[in-house]
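Each chain, written out:
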Amino acid sequence: MDVVISNAVLQWVPGHRELLTRWARELPAGAWLAVQVPGNFDAPSHRALREVADRPAWRADVAPLLRRPPADDTAVGYAGLLTGAGCAVDAWETTYVHLLPARVDADHPVLSWLEGTALRPVRAALDAAGWADFRAELGVRLAEAYPVRHAQVHFPFRRVFFVARTGARAEENQ
Ligand SMILES: C[S@@+](CC[C@H](N)C(=O)[O-])C[C@H]1O[C@@H](n2cnc3c(N)ncnc32)[C@H](O)[C@@H]1O
């Protein structure tokens, strides 16, 4: 049986909706796609990142490196996409709260989190001084958006999940 699993990565692939459609059409009937993508484009963390990137100091070099607004990154959106490609689809989304420990002698935990994901291309594009300035400015905004409570930061995270079986709708119509 053919199974494609993708966890928290397709959002970085330009044109991933077209890729999903191609997989759905080209895999043998009865194959499975099981995918999770974050749906955090409009989260305060990512809005803060775009705001800092859009400041004059960074607009030319950093803003173009950030993800474009995703097209319809909802459970309904992916269900529609893959149903249209002949799949039977089970899709859902959820928001859960990461409880990130916050220490007074450490960076804001959401800043550290972003350094492993959305900030990677930013860090690669800036020199040491530019990177220090950028992360300092972003850190201020993140501290406002995600205050520390009881030595923790509550970091809500929306994720979209879908499981699709290829060719299933053709079978239904037989
Ligand atoms: C949450 S991990 C998921 C990895 C793996 N699929 C798993 O389930 O463990 C996200 C992946 O996206 C990559 N990644 C993070 N930020 C990225 C960026 N800005 N551009 C491209 N890839 C990125 C990471 O290197 C990592 O491989």
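Going by an unreviewed UniProt entry, the protein carries the name Trans-aconitate 2-methyltransferase and comes from Micromonospora reichwaldensis.

A.B. asks: Explain the packing of aromatic side chains here, please?
C.D. replies: One pair of aromatic rings is described through two measures. These are the centre distance and the angle between the planes. Across all of its chains, the model carries seven aromatic pairs by this definition. Judged by centre distance (5.0 Å) and plane angle (80°), the ring pair of tryptophan 58 and phenylalanine 134 falls under edge-to-face. Placement of tryptophan 58 in the loop between α2 (44-53) and α3 (75-84) and of phenylalanine 134 in helix α6 (residues 128-145) is noted, with a sequence separation of 76 residues between them. In terms of burial, tryptophan 58 and phenylalanine 134 fall into one category: buried. The interplanar angle of 5° and the centroid separation of 5.3 Å between the aromatic rings of tryptophan 92 and phenylalanine 161 together place this pair among those described as stacked. A residue pair is termed long-range when its members are at least 10 positions apart, and tryptophan 92 in strand β3 (residues 88-101) and phenylalanine 161 in strand β5 (residues 152-165) qualify at 69 residues. Connected via pairs of aromatic rings, a cluster forms that spans Trp113, Tyr146, Phe155 and Phe157. Positioned over the ring face of tyrosine 78 is arginine 17, at 5.9 Å from the centre of the ring. Above the face of the phenylalanine 157 ring, arginine 159 is positioned so that its terminal group lies 4.1 Å from the ring centre.

A.B. asks: Explain the site of the ligand to me, please; I cannot follow it from the model alone.
C.D. replies: In the neighbourhood of the ligand, the contacting residues comprise Asn7, Ala8, Val9, Trp12, Gly116, Thr117, Arg120 and Pro121. Take tryptophan 12: an N or O atom from its side chain is 3.4 Å from an oxygen atom of the ligand. At a separation of 3.2 Å, a nitrogen atom of the ligand approaches a polar backbone atom of threonine 117. Its free accessible area being 590 Å², the ligand has 52% of it covered by the protein chains.

A.B. asks: I keep staring at the packing of α2 against α6 and nothing clicks. Help me out?
C.D. replies: Between two packed helices, what matters for the description is the angle formed by their axes and the separation of those axes. Put simply, α2 and α6 touch, their axes get as near as 9 Å, and they point 145° apart. When you trace α2 past α6, the crossing you get is right-handed. The residues of α6 that touch α2, namely those facing Pro44, Ser45, Ala48, Leu49, Glu51, Val52 and Ala53, are Phe134, Glu137, Leu138, Arg141, Leu142 and Ala145. Taken together, the residues of the contact of α2 with α6 sort by class into nine nonpolar, one polar and three charged.

A.B. asks: Is there a simple way to think about the nonpolar core in this case?
C.D. replies: Within soluble globular proteins, side chains that are nonpolar generally end up buried alongside one another. One finds Val110, Leu119, Val122, Phe134, Leu138 and Leu142 to be the most contacted residues of the largest nonpolar core, which totals 26 residues. Listed by contribution, the elements that provide at least two residues to this core are α2, α4 (109-115), α6 and β5. Leucine 138 has contacts with Ala48, Leu49, Val52, Leu111, Leu114 and Leu119, leaving out every residue within four places of it along the chain.

A.B. asks: Just checking my understanding: could you explain the side chain of asparagine 40 for this structure?
C.D. replies: In this structure, asparagine 40 sits in the loop between β2 (32-38) and α2. Residue contacts for asparagine 40: discarding those within four places in its chain leaves His46, Arg67, Phe157 and Arg158.

Criteria and thresholds
- Residues numbered from 1 in each chain as written.
- Predicted model: local features only at pLDDT ≥ 70, side-chain atom pairs only at ≥ 80, totals over all residues.
- Heavy atoms only, no water.
- Phe/Tyr/Trp six-rings, centres within 6.5 Å; stacked < 30°, edge-to-face > 60°.
- Helix = DSSP H or I, 4+ residues; strand = E, 2+ residues; numbered from the N terminus.
- Buried < 20%, exposed > 50% of the residue type's maximum accessible area, 1.4 Å probe, protein only.
- Lys NZ or Arg CZ within 6 Å of the ring centre and 35° of its normal.
- Near = heavy atom within 4 Å.
- Polar contact = N/O pair within 3.5 Å; in protein donor to acceptor, adjacent residues only side chain to side chain.
- Areas by Shrake-Rupley, 256 points an atom, 1.4 Å probe, with all protein chains shown as cover.
- Axes fitted to C-alpha atoms, helices over the stretch in contact; angles between N-to-C directions.
- Left-handed = near helix turned anticlockwise from the far one by under 90°.
- Contact = heavy atoms within 4.5 Å.
- Nonpolar A, V, L, I, M, F, W, Y, C, P; charged D, E, K, R; others polar.
- Core = buried A, V, L, I, M, F, W, Y, C linked by side-chain atoms within 4.5 Å.

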